[in-house]
Amino acid sequence: MSDEKKKYSIKETTKVEREKIVQDAYAIALSTGEPPTEEMMQLVQEYVDGKKEISEILEETIQKYHKIATIES
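Below is a short write-up of the structure. (Residues numbered from 1 in each chain as written. Predicted model: local features only at pLDDT ≥ 70, side-chain atom pairs only at ≥ 80, totals over all residues. Heavy atoms only, no water.)

**Description of the overall build of the chain**
What the chain contains, in helices and strands, is four helices and zero strands. Reading the chain from its N terminus to its C terminus gives the helix and strand order α-α-α-α. Principal-axis analysis of the C-alpha atoms gives the chain an extent of 40 × 30 × 20 Å. Counting every atom, the chain has about 5800 Å² of accessible surface; 57% of that belongs to carbon and sulfur. With 11 positive and 16 negative side-chain charges, the chain shows a separation of 4 Å between the mean positions of the two kinds. (Helix = DSSP H or I, 4+ residues; strand = E, 2+ residues; numbered from the N terminus. Areas by Shrake-Rupley, 256 points an atom, 1.4 Å probe, with all protein chains shown as cover. Lys, Arg positive; Asp, Glu negative; His and termini not counted. Charge placed at Lys NZ, Arg CZ, Asp CG, Glu CD.)

As structure tokens, then:
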């Protein structure tokens, strides 16, 4: 695991730190366009709660959109 990924891992952060990470990311998302979907916020909450790593959420999101693109093709 790279140092950058490790910096945000569940093992290396407290719940309070993960909440801050999410708040910062949410602010950036709002400043650049539409707010995240409710579904994405639920996934992010799993990270805050220590249930899923960011990499797992990213992989799930990629798979979801890959399936959608395949169905629409």
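Let us keep going from here.
**Regarding the packing of helix H3 (residues 38-48) against helix H4 (residues 54-72)**
The geometry of H3 relative to H4 is characterised by a closest axis approach of 9 Å and an angle of 155 degrees between their N-to-C directions. As judged from the angle between their axes, H3 and H4 are roughly antiparallel. Seen along the crossing, H3 lies across H4 with a hand that is right-handed. Contacts between H3 and H4 involve Glu 39, Met 40, Leu 43, Val 44 and Tyr 47 from the first element and Ile 54, Ile 57, Glu 60, Thr 61 and Lys 64 from the second. In terms of residue class, the contact of H3 with H4 is built from six nonpolar, one polar and three charged. (Axes fitted to C-alpha atoms, helices over the stretch in contact; angles between N-to-C directions. Parallel < 35°, antiparallel > 145°, perpendicular 65-115°, else oblique. Left-handed = near helix turned anticlockwise from the far one by under 90°. Contact = heavy atoms within 4.5 Å. Nonpolar A, V, L, I, M, F, W, Y, C, P; charged D, E, K, R; others polar.)

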